[in-house]
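# Secondary and tertiary structure notes
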Amino acid sequence: MPPEAGAAAHFRALESLYAAAPINRLFHSHLQIVDSGVARIDFRIEDDHYHAGGAAHGTSYFKMLDDAAFYACNSLVTDRFLLTTAFNLLFTRPIKAGPVIAEGRWVSGQRRVFVGEARLIDADGEEAARGTGTFMRSSIPLAGLKGYAS
């Protein structure tokens, strides 16, 4: 089978970059770039992600919302790594241990600043949180990052 080219190769390279990030050793997660401007992360909340009240700590919500929106936006940029400059989130229900989906999509911007949004869907199919972030082009070339492989 010939290697993928164009957008598909970029998407697979971003997925590889996600998998190579050391932080992702702390989460059972898998990124899929579905299309330009659309990302999905399947992950599991474990008991060790809980706060003292017995549900997932907000850090888990933020990480997955930020990652889904970030990768949706970075799917539109083939030369540079984006950086999160701001992120707002809304918690709508607690998440317990089990599978969760983070769905991210690009909203606007294509030059220097991008806006993306994401939502978390819990094991019951209910929205548990949503967030909106802004992402800026950095001076970091994607091709130079360990893990970004096409």
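Above this text you will find the structure in question.
Let me sum up the structure you'll find in this document. (Residues numbered from 1 in each chain as written. Predicted model: local features only at pLDDT ≥ 70, side-chain atom pairs only at ≥ 80, totals over all residues. Heavy atoms only, no water.)

### Observations concerning the overall build of the protein chain
Broken down by element type, the protein chain carries two helices and six strands. For the protein chain, the α and β elements follow one another from N to C terminus as α-β-β-α-β-β-β-β. Computed over C-alpha atoms, the radius of gyration of the protein chain comes to 15 Å, within 12% of the 15 Å expected from 2.2 N^0.38 for 150 residues, which places it in the range of a compact globule. If you line up the protein chain on its principal axes, its C-alpha atoms span 45 × 35 × 25 Å. When the 150 residues of the protein chain are sorted by exposure, 39% land in the buried category. At a minimum sequence separation of 6, the contacts of the protein chain that also span at least 24 residues come to 65%. (Helix = DSSP H or I, 4+ residues; strand = E, 2+ residues; numbered from the N terminus. Rg over C-alpha atoms; globule rule 2.2 N^0.38 Å. Buried < 20%, exposed > 50% of the residue type's maximum accessible area, 1.4 Å probe, protein only. Contact = heavy atoms within 4.5 Å.)

### Let's talk about the sheet that holds strand 4 (residues 98-108)
Reading across from one edge, 1-2-4-5-6-3 is the order of the six strands in this open sheet, with antiparallel pairing throughout. Unpaired on one side and paired on the other, strand 1 (28-35) and strand 3 (80-91) mark the two borders of the sheet. Put simply, the sheet's adjacent strands are angled 25 degrees from each other on average, direction ignored. Sheet strands in contact with helix 1 (residues 6-20) are strand 1, strand 2 (38-45) and strand 3, and its direction is about 165 degrees off that of strand 1. Packing against the sheet, helix 2 (residues 58-74) makes contact with strand 1, strand 2, strand 3, strand 4, strand 5 (113-121) and strand 6 (127-141), and its axis sits at approximately 135 degrees to strand 3. (Pairing = 2+ DSSP bridges. Axes fitted to C-alpha atoms, helices over the stretch in contact; angles between N-to-C directions.)

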